[in-house]
Amino acid sequence: MSGFEADNNGVSISVAADNKTGADFEVSKKPKRNKFAFACSILASLASILLGYDIGVMSGAIIYIKDDLKISDVQVEILVGILNLYCLIGAYAAGRTSDWIGRRYTIVVAAAIFFVGALLMGFATNYAFLMVGRFVAGIGVGFALLIAPVYTAEVSPASSRGFLNSFPEVFINIGLLLGYVSNYAFSKLRAELGWRVMLGAGAIPSVFLAIGVLTMPESPRWLIMQGRLGEAKTVLHKTSDTKEEAHGRLSDIKAAAGIPEDCTDDIVQVQKQTHGEGVWKELFLHPTPVVRHVLICAIGIHFFQQAIGLDSVVLYSPRIFEKAGITSSDRKLLATMAVGLSKTIFILVATFLLDKIGRRPLLLISSGGMVVILATLGFSLTIIGHSDNKITWAVGLCITMVLSSVAVFSIGMGPIAWVYSTEIFPLRLRAQGASIGVAVNRVTSGVISMSFISLYEAISIGGAFFLYAGVALVAFFFFFTFLPETQGKTLEEMEWLFGKLVGWREEAQKLKRKRKMNEANHQIQLGNNLTTDRRC
């Protein structure tokens, strides 16, 4: 019997296929984009604007802060990068808070804290006061960085999870661009007023965020962990592509939460482990092979996302352009706006590729491209630095590489770090596990951004980018070796893929064969049902 005619109780798939109506074939069609899940993801991801705006606005505001407050380069490095370390407090608190009061209200908390921080920075009268504002804003950014991708991952259907969970990175870039625009728009004000308005304006998006979030539902996974099955069913039906998928997601989450499959009550009693109890022990002291593999992948992808030095390009782009020969403040800010525009355009491109091409190919293309681009940027800056005359081709190459670096980063490493790290953790570990990823991300970013000026003064600016290129090369081999493809997998299927650091490919093949068998059985069942209906 051929592969197209597997007999099942006398009914072949080929016969069933021949007898199918147009309605039957609709089952296999690619589902349309879920508009409700799309809207929820947009609202949650607005939280990421807070980080993007801060990075973008600080890159230009620091020019005027340095002159107005008469601070040193070391103080500049600390002021720019310290927010990333303050994020650790916010990320840790958000992991606990999101398990306690829910994902949705945690986003409101993030907006409120950042609102206060932005106002404090805007009214700062000296360096110490400004650092207090950075501290408060950093906690708010830490909250936002953790909770936006966690909520989006939990509300998204598997068919478009990569697309929707790339939204936090999209809004980081939109915030970045808004920060650059704010720099240019307020640069005409008096120096002592301009930078304060730039920083204080960050309070505006946090207000819209807090209001918008109140219109979206709570995460269905959090609701089930609280025993609120009735509410979770409603949300799942709205955020799934089909009723079958909603039922499947409900069953998977109930199993993960320890709720019997046959339980259909709207409210049930669950074991109270909703505030993070025991999670840290399971992650670090007694991890299973699956959890250990997941943790290595999550930490590694966040570390390398920042260790390749892209934040140095973004935060210090005015200095890089100055080294390349652009000395006018207006021109430096305009060139920096071009960086933000390039980053935003290509992150939008990436959102449509994540669920079509997959995570691994984009990661490998992005990290491999960064090796070439960072090395070329280092080469061009070295040529410029060792020449007494302006070398036009080297200047052009430098500017092109700066724009290319943010573009290639945004296609892969930028969004995928957030998508990947939130979708691979088991439900019981997701919020706290994601907070570890955020912590590694922000610590690495803080070290990179607070050391860039000192680094390039020690080994030259070209040498700094050669160093970053070397780190990008290590990242490429890490991604190739340890990270399984997660495209199209449900959040509950992830445990099949992890557990063997270098043997995950065999498990992926087993999962692929299992899926094909399930699809074949589904087609056989459709044929049987159709035949039974016709006989009746």
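Since the structure is predicted, the reported quantities are computational estimates derived from the model, not experimental observations.

Draft legend 1. A look at the packing of helix H21 (residues 392-411) against helix H22 (residues 413-423). Put simply, H21 and H22 touch, their axes get as near as 4 Å, and they point 25° apart. Taken together, the axis directions place H21 and H22 in an arrangement best described as roughly parallel. Residues Phe409, Ser410 and Ile411 of H21 touch H22, and the partners they reach there are Met413, Gly414 and Pro415. When the residues that make up the contact of H21 with H22 are grouped by side-chain class, the tally is four nonpolar, two polar and no charged.

Draft legend 2. Focus on the packing of aromatic side chains. Scanning the entire structure with this criterion turns up 16 aromatic pairs. With a centroid separation of 5.0 Å and 85° between ring planes, the pair formed by Tyr86 and Phe135 is classed as edge-to-face. Of this pair, Tyr86 sits in helix H5 (residues 73-100) while Phe135 sits in helix H7 (residues 127-155), and the two are 49 residues apart along the sequence. On the numbers, 5.2 Å between centres and 45° between planes, the contact of Phe163 with Phe352 is tilted.

Draft legend 3. The arrangement of a nonpolar patch on the surface in detail. Together, Phe115, Val116, Leu119, Phe123, Val207 and Ile211 give the surface a local cluster of nonpolar side chains, amounting to about 530 Å² of exposed area. Mapped by element, the contributors of at least two residues to the nonpolar patch are helix H6 (103-122) and helix H11 (203-213). It is H6 that provides the largest number of residues to the nonpolar patch, a total of three residues. Take Val116: it is sitting in helix H6. The class for Val116 is partly exposed, based on a relative accessible area of 41%.

Draft legend 4. Geometry of H22. Burial runs high along H22: eleven of the eleven residues are buried. For H22, the full list of buried residues reads Met413, Gly414, Pro415, Ile416, Ala417, Trp418, Val419, Tyr420, Ser421, Thr422 and Glu423.

Draft legend 5. Highlighting the environment of Phe477. Assignment of secondary structure puts Phe477 in helix H24 (residues 461-482). Remark: the alpha-carbon pair of Phe477 and Gly368, spanning 109 residues in sequence, is separated by 9.3 Å.

Draft legend 6. Representation of H24. Helix length check: H24, at 22 residues, gives a terminal C-alpha distance of 32 Å against a target of 32 Å (1.5 Å per residue), a fit within 8%. Along H24, the positions that sit buried rather than exposed are Ile461, Gly462, Gly463, Ala464, Phe465, Tyr468, Ala469, Ala472, Ala475, Phe478 and Phe479. Contacts made by the buried residues of H24 are with helix H16 (289-307), helix H17 (310-315), helix H18 (317-323), helix H20 (359-385), H22 and helix H23 (430-459).

Draft legend 7. Local environment of the confidence of the model for the protein. Of all residues in the protein, 85% have pLDDT values of 70 or greater, and the mean over the chain is 81. Note on residues 1-29: pLDDT under 50 across the span, and 27 contacts to partners over four residues away in sequence or across chains.

Draft legend 8. Quick peek at the pattern of salt bridges. With the rule as written, the count across this model stands at eight salt bridges. Across the pair Asp73 and Lys66 runs a salt bridge whose closest N-O atoms are separated by 3.9 Å. With its nearest N and O atoms 2.8 Å apart, the salt bridge here joins Arg103 to Glu154. Within this pair, whereas Arg103 is found in helix H6, its partner Glu154 is found in helix H7, the two being separated by 51 residues in sequence. Arg103 gets classed as buried once you look at its relative accessible area, which sits at 0%.

The rules behind each value
- Residues numbered from 1 in each chain as written.
- Predicted model: local features only at pLDDT ≥ 70, side-chain atom pairs only at ≥ 80, totals over all residues.
- Heavy atoms only, no water.
- Axes fitted to C-alpha atoms, helices over the stretch in contact; angles between N-to-C directions.
- Helix = DSSP H or I, 4+ residues; strand = E, 2+ residues; numbered from the N terminus.
- Parallel < 35°, antiparallel > 145°, perpendicular 65-115°, else oblique.
- Contact = heavy atoms within 4.5 Å.
- Nonpolar A, V, L, I, M, F, W, Y, C, P; charged D, E, K, R; others polar.
- Phe/Tyr/Trp six-rings, centres within 6.5 Å; stacked < 30°, edge-to-face > 60°.
- Patch = residues over 30% accessible without salt bridge, like charges linked within 9 Å, V, L, I, M, F, W, Y side chains within 5 Å.
- Areas by Shrake-Rupley, 256 points an atom, 1.4 Å probe, with all protein chains shown as cover.
- Salt bridge = Lys/Arg side-chain N within 4 Å of Asp/Glu carboxyl O.
- Buried < 20%, exposed > 50% of the residue type's maximum accessible area, 1.4 Å probe, protein only.
- Expected span 1.5 Å × (residues − 1).
- pLDDT = per-residue confidence, 0-100.

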